[in-house]
Amino acid sequence: MTAKKRVFVAGHRGMVGSAIVRQLEDDPAIELVMRTRAELDLVGQQAVADFFAQENIDQVYLAAAKVGGIVANNTYPAEFIYENLMIECNIIQAAHAADVQELLFLGSSCIYPKLAEQPMSELALLTGTLEPTNEPYAIAKIAGIKLCESYNRQYGRDYRSVMPTNLYGENDNFHPQNSHVIPALMRRFHEAKLASDKEVVVWGSGKPMREFLHVDDMAAASVHVMNLPKEQYLSCTEPMLSHINVGTGEDCTIRELAETMAKVVGFEGAINFDASKPDGAPRKLMNVSRLADLGWRYSVTLEQGLASTYHWFLEHQSDFRG
């Protein structure tokens, strides 16, 4: 009887990690290995080294990270760069020391320069200045890519990196002050519907364009990239430019997002835009041609994804009080 592949999903309780678990849990050839923060502090070097020395891990999805919105990134820059660097360094080094050959590191589109040409291709990495508000987080994610590449070059490992666009879906953060645009709008429209409000006001002009990917698609893409034959992966990447963008390759205006959200939630009032509030970058879109060449394309449309997310939100809204 063939032994099951022991797969460690680091960050299995987060939005992306939990989606990866859902992708893998029904595979009879895989035995999932997961640890809560209380069971394994990934910032602790010795604890992570001991874990890998004892657990006979075959494959790693590195989805663990300290994450937050603009306010959190601005308020705690030291924690964001330190904790993310330590998590990456500890897991990648311990995996190597335990002779784990396969690892997938999950990053973020914020690795690209603030003024990167649109759509942003993998070639834009390290070509300009980062967005100042999340520079510490972005630097840590860039370091994660370079850690993977360095272990590949020096030790012949097969450590790969994927960089997602804006994600949303089950297990997202719906906090009223520090959530991202989709969960923030979803909560706002939902509460407006319950209160029978006549209007919802959205910050900005509604003109900026953004790309959104459902987290289940992100998980599917991650598993796809992890399982690509090494020769195929190497044929579409470079040793020192090996990361792969993950997104839809399509975007919409914030106005279109708000209108779709209202439809999904069932809010029938007016949607007004407060143009006195900042818009942010006019456009943020990923070039996903490298991923397309490797045989993967998204499947969940924005309206489908918002509908399933809203269904999940309704089932869990008691968790988001306050």
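Numbering of residues starts from 1 in every chain and runs along the sequence as written. Where totals are concerned, whole chains, interfaces and linings use all residues; where local detail is concerned, this predicted model gives features only for residues with pLDDT of at least 70, and gives and counts side-chain atom pairs only at 80 or more. Side-chain measures were taken over the full set of non-hydrogen atoms in the model, leaving aside hydrogen atoms and water.

Brief notes about the pairing of strand 1 (residues 5-10)
Burial classes: relative accessible area under 20% of the type maximum marks a residue as buried, over 50% as exposed, and values in between as partly exposed (1.4 Å probe, protein chains only). Secondary structure counts use DSSP, requiring at least four H or I residues in a row for a helix and at least two E residues in a row for a strand, with both numbered from the N terminus. Counting buried residues in strand 1 gives 5 out of 6 residues, a clear majority hidden from the surface. Pairing between strands is defined by DSSP: at least two bridges between the two strands are required. Bridging between strand 1 and strand 2 (residues 30-33) involves 4 bridges; their strand directions are parallel. Directly across from Arg6, in strand 2, lies its bridge partner Glu31. Across 4 bridges, strand 1 lies against strand 3 (residues 59-62) in parallel orientation. Counterpart to Val9 in the pairing with strand 3 is Tyr61.

Considering the pattern of salt bridges
The term salt bridge refers to a pairing of a side-chain nitrogen on Lys or Arg with a carboxyl oxygen on Asp or Glu at a separation within 4 Å. Under the criterion given, the structure shown has 14 salt bridges. Between Arg6 and Glu55 there is a salt bridge, with the nearest N and O atoms lying 2.7 Å from each other. Here Arg6, found in strand 1, pairs with Glu55, found in helix 2 (residues 45-55); they are 49 residues apart in sequence, far enough to count as distant. Just as Arg6 is buried, Glu55 falls in that class too. For Arg157, the salt bridge is made with Asp99, and the minimal N-O distance between the two is 2.9 Å. Residue Arg157 is found in the loop between helix 5 (135-155) and strand 5 (158-164), and its partner Asp99 is found in the loop between helix 4 (77-97) and strand 4 (102-106); the two are separated by 58 residues along the sequence. The exposure class assigned to Arg157 is buried, which follows from its relative accessible area of 10%.

Section: the environment of Thr129
Within the secondary structure, Thr129 is located in the loop between strand 4 and helix 5. Note: C-alpha distance between Thr129 and Tyr112 (17 residues apart in sequence) is 8.4 Å. Contacts of Thr129, omitting those with residues within four sequence positions, involve Pro113 and Lys114. What makes two residues a contact is simply this: any of their non-hydrogen atoms within 4.5 Å.

Remarks on the sheet that holds strand 2
The 6 strands lie next to each other as 2-1-3-4-5-10, forming an open sheet whose pairing is parallel. In this open sheet, the two strands that pair with only one neighbour each are strand 2 and strand 10 (244-246). Strand-to-strand twist across the sheet, computed as the mean angle between neighbouring axes with direction ignored, equals 20°. Sheet strands in contact with helix 7 (residues 215-226) are strand 3, strand 4, strand 5 and strand 10, and its direction is about 145° off that of strand 4. Angles shown run from 0 to 180 degrees and are taken between the N-to-C directions of axes, each axis being a line fitted to C-alpha atoms and, for helices, limited to the stretch in contact.

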